[in-house]
Amino acid sequence: MSWPALFTFTNIVALIAWAMLLFLPRRPLVLSVVLFAGVGLLCLVYAVCLGLLLSGAVDPGRVAGAPSFNPSDYSISGIRALFLSDAGIVVGWTHYLAFDLFVGLWIARDADGKNFSRWVQAPILLLTFL
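Every chain is numbered independently, its residues counted from 1 as its sequence is written. Totals for whole chains, interfaces and linings use all residues, but because this is a predicted model, local features are given only for residues with pLDDT of at least 70 and pairs of side-chain atoms are given and counted only at 80 or more. Hydrogen atoms and water are omitted, and side-chain values are computed over all heavy atoms in the structure.

Could you give an account of the overall build of the protein chain, naming the residues involved and the relevant values?
In DSSP terms, a helix is any run of H or I states spanning at least four residues, a strand is any run of E spanning at least two, and both are numbered starting from the N terminus. Across its full length, the protein chain carries five helices and zero strands. Ordered by position in the sequence, the α and β elements of the protein chain form the string α-α-α-α-α. Counting only C-alpha atoms, the protein chain reaches 50 × 25 × 20 Å along its principal axes. Three exposure classes are used, based on accessible area relative to the maximum for each residue type with a 1.4 Å probe and protein chains only: buried under 20%, partly exposed in between, and exposed over 50%. Residue burial in the protein chain is summarised as follows: out of 130 residues, 35% are buried. Accessible surface area values rest on a Shrake-Rupley calculation with a 1.4 Å probe, where residue burial reflects the displayed protein chains alone. Here the protein chain displays about 7700 Å² of accessible surface, and carbon together with sulfur accounts for 73% of that area. When charges are counted, Lys and Arg contribute as positive and Asp and Glu as negative, whereas His and the chain ends are disregarded. One atom stands in for each charge, and that atom is NZ of Lys, CZ of Arg, CG of Asp or CD of Glu. Taking the average place of the 7 positive charges on the side chains of the protein chain and the average place of its 6 negative ones, the gap between the two points comes to 11 Å.

What follows is the structure, encoded as structure tokens:
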């Protein structure tokens with residue numbers, strides 16, 4: 001598995017979903033695409049990669065000099081070893097992207113329901129993304 005390619009893919013999915021949320025009319029189809037093709041796909045990638053990583057089925061792509069990752073070690077040092085690998089960075093980043101997109105979608109729908117202008121929503125959504 002190419003962790004850099006997966007990292008690029010998840011970033012592209014998130015950027016497209018955020019662009020849809022910010023710039024397209026918020027019709028039910030657009031919101032469904034953001035939810036299922038954006039949040040859902042990112043969550044699926046996260047769950048599959050985490051499962052493969054914890055089962056030991058994939059190489060985590062250790063950084064030179066970093067301690068080896070043991071999937072059964074849930075201590076601080078074990079988690080640190082995970083995040084010193086390419087896989088740990090990609091899995092953590094994908095989790096972040098999925099969660100932020102979900103929260104952004106929630107903010108946008110709630111703001112639309114309360115008749116907030118898109119101009120007022122845009123900086124809040126951008127800060128949520130950041």
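Summarise the side chain of Thr128; cite the residues concerned and give the values.
Mapped onto the fold, Thr128 is located in helix 5 (residues 118-129). You can call Thr128 buried: its relative accessible area is 18%. Should any heavy atoms of two residues lie within 4.5 Å, those residues are counted as being in contact. Leave out the neighbours within four places in its chain, and Thr128 touches Trp18, Asp100, Val103, Gly104 and Ile107.

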